[in-house]
Amino acid sequence: MSASNRFKLFIVVCSVYFGLVLGYKPVIIVHGVMTGNETMLPMAQRIQELHPGTKVFVTDRFGGWSSLRPMWHQVMEIGSDILQFMAFHPDGVHLIGYSQGGLLSRAILEYYPDHNVNTFISLSAPQCGQYGTKFLHIFFPTLACETAYELFYSSIGQHTSVGNYWNDPYHQKLFFEYSAFLPYVNNLVSSESSKLFKKGFTKIKKLVLIGGPDDSVITPWQSSQFGCFNNNGSVIEMRDQLFYRNDSFGLLTMDSQKKIDLVTLSGLDHSDWHTNMTVLDNYIIPYLD
């Protein structure tokens, strides 16, 4: 064996050894809407390549069309699986949620405040909701963005995940009247769970919000960092949002403790975030200690 090959073998052996000795925290991955766990396997494999010995759990629930089921239903089902996984890893885990899966993941943190998530990476997720044509037409090709509220802000529309986080800036009264999910996880509507939601969210040690201006699906793209439209079509950034200034569910608390990292990357479409190895290697895996 050449000296070069012996050195490479030494590096591999050391990587495996230190992965086992250092004990990288397990990682949980939640896929996006209209996809399934198979789309997240390249990410899982890459994590295990660079962090040998890491246990990775990729949820296989609600793939394809079943991902359109109501958000609270998915939160409880996926959340139950995640809690079982956590029970075997009491020293803590990391959580990565992509697209709709990022919003589901955040709601799981709030709904189950006894979680043991260390770092939560929200990967191009509509944390402040969604209001855009391209996203809408993935599921409802004939529905106009301007009139979608007529469907989503109804008892029928609230039986879809998309309706649960459709955030129409021009019909906010109906949004608060009908939306059974987003106003609650943002603690803009008080409930008996409001204190628990804040407790669960602020329990994490690091929040990483990843998104970018060339994402053609999340609209506005700033929703990936808690920004959304106001009623004149301007984007209100996270730190100017009412739920931030009022610390409704703990964003201000987290930010004041320097626990929030905003990562903005250009040149990436929505389907690139979880498959682009540069993104994984430079902006996701370094957070997975």
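Up top is the structure these notes are about.
Since we're looking at a predicted model, the values are computed, not measured.

J.: Would you mind going over the packing of aromatic side chains with me for this structure?
T.: Aromatic rings considered in pairs are described by the distance between their centres and by the relative angle of their planes. Under the defined criterion, the tally for this structure stands at 19 aromatic pairs. Ring plane angle 50° and centroid distance 6.1 Å describe the contact between Phe135 and Tyr165, whose orientation is recorded as tilted. Within this pair, whereas Phe135 is found in helix α5 (residues 133-139), its partner Tyr165 is found in helix α7 (residues 161-165), the two being separated by 30 residues in sequence. Looking at Phe135, the relative accessible area reads 1%, which means it is buried. Ring-pair connections join several aromatic residues into one group, and the members of that group are Tyr131, Phe135, Phe139, Phe140, Phe152, Tyr165, Trp166, Tyr170 and Phe229. Stacked on the ring of Phe249, the Lys or Arg Arg106 has its end atom at 4.7 Å from the ring centre.

J.: Help me understand the nonpolar core in this model?
T.: Soluble globular proteins tend to bury their nonpolar side chains together. By size, the foremost hydrophobic cluster in this structure holds 55 residues, and its most contacted members are Trp166, Phe181, Leu207 and Leu251. Sort the elements by how many residues they give to this core and helix α3 (residues 71-87) lands first, with seven residues. Sequence-distant contacts of Leu207, defined by excluding residues within four places in its chain, comprise Phe120, Phe201, Phe226, Leu251, Met254, Lys259, Ile260 and Asp261.

J.: Sorry if this is basic, but what is going on with helix α2 (residues 41-50) here?
T.: Because each turn of an α-helix spans 3.6 residues, side chains separated by three or four positions in sequence point in the same direction. Listed as buried for α2 are Met43, Ala44, Arg46 and Ile47. An end-on view of α2 places all buried positions within 165° of arc, on one side of the element. Of the surrounding secondary structure, the elements contacted by the buried residues of α2 are β1 (27-30), β2 (56-58), β3 (93-98), β4 (117-123) and α13 (277-284).

J.: Just to check I follow, could you spell out unusual backbone geometry for this structure?
T.: Peptide bonds are, in most cases, trans, and in most cases residues other than glycine have a negative phi. Cis geometry marks the peptide bond from Thr219 to Pro220, where omega comes out at -10°. Mapped onto the secondary structure, Pro220 falls in the loop between β5 (206-211) and β6 (228-229). The backbone of Met34 sits at a positive phi, close to 60°, despite the residue not being glycine. Among the structural elements, Met34 can be located in the loop between β1 and α2. Overall, the relative accessible area of 25% leaves Met34 in the partly exposed class. A positive phi angle, close to 65°, is found at Phe226, a residue other than glycine. Its location among the elements puts Phe226 in the loop between β5 and β6.

J.: Any chance you could explain the pattern of salt bridges here in plain terms?
T.: Where side chains of opposite charge bring their charged atoms close, a pairing between them can arise. Counting across every chain of the model gives nine salt bridges. When the shortest N-O distance is used, the salt bridge between Lys198 and Asp247 registers 3.3 Å. Of the two residues, Lys198 sits in helix α10 (residues 194-202) while Asp247 sits in the loop between α11 (242-245) and α12 (251-256), which places them 49 residues apart along the sequence. Classification of Lys198 by relative accessible area gives partly exposed; the value is 29%. Owing to a relative accessible area of 12%, Asp247 belongs among the buried residues under this scheme. Note that Asp255 and Arg239 form a salt bridge whose closest N and O atoms lie 2.7 Å from each other. With Asp255 in helix α12 and Arg239 in the loop between β7 (235-236) and α11, this residue pair connects regions lying 16 residues apart in the sequence. Looking at Arg239, the relative accessible area reads 42%, which means it is partly exposed. Each of the salt bridges in this network shares a partner with another, and the network as a whole consists of Arg46, Glu49 and Asp281.

J.: Would you mind going over α10 with me for this structure?
T.: Within α10, burial applies to Ser194, Phe197, Gly200 and Phe201. Buried residues along α10 cover an arc of 130° about the axis, so they all sit on one side. Where α10 is buried, its residues touch α3, α4 (100-111), α9 (182-185), β5 and α12.

J.: Hey, could you run me through the side chain of Thr59 in this one?
T.: Looking at the element boundaries, Thr59 is found in the loop between β2 and α3. At a separation of 3.3 Å, a polar atom in the side chain of Thr59 contacts the main-chain amide nitrogen of Arg61. Sequence-distant contacts of Thr59, defined by excluding residues within four places in its chain, comprise Ile29, Val30, His31, Asn37 and Ile78.

J.: Just checking my understanding: could you explain the packing of α4 against α10 for this structure?
T.: Each pair of packed helices can be described by the angle between their axes along with the distance between the axes. One way to put it is that α4 packs onto α10 with a least axis distance of 6 Å and a crossing angle of 115°. With respect to α10, the axis of α4 lies roughly perpendicular. Two packed elements cross with a definite hand, and for α4 against α10 that hand is right-handed. Where α4 abuts α10, its residues Arg106, Leu109, Glu110 and Tyr111 lie against Leu196, Phe197, Gly200 and Phe201. For the contact of α4 with α10, the class distribution of residues is five nonpolar, one polar and two charged.

The rules behind these values
Residues numbered from 1 in each chain as written. Predicted model: local features only at pLDDT ≥ 70, side-chain atom pairs only at ≥ 80, totals over all residues. Heavy atoms only, no water. Phe/Tyr/Trp six-rings, centres within 6.5 Å; stacked < 30°, edge-to-face > 60°. Helix = DSSP H or I, 4+ residues; strand = E, 2+ residues; numbered from the N terminus. Buried < 20%, exposed > 50% of the residue type's maximum accessible area, 1.4 Å probe, protein only. Lys NZ or Arg CZ within 6 Å of the ring centre and 35° of its normal. Core = buried A, V, L, I, M, F, W, Y, C linked by side-chain atoms within 4.5 Å. Contact = heavy atoms within 4.5 Å. Arc of directions from axis to C-beta. Salt bridge = Lys/Arg side-chain N within 4 Å of Asp/Glu carboxyl O. Polar contact = N/O pair within 3.5 Å; in protein donor to acceptor, adjacent residues only side chain to side chain. Axes fitted to C-alpha atoms, helices over the stretch in contact; angles between N-to-C directions. Parallel < 35°, antiparallel > 145°, perpendicular 65-115°, else oblique. Left-handed = near helix turned anticlockwise from the far one by under 90°. Nonpolar A, V, L, I, M, F, W, Y, C, P; charged D, E, K, R; others polar.

So, to be careful, I would describe these as geometric facts and stop short of saying anything about function.
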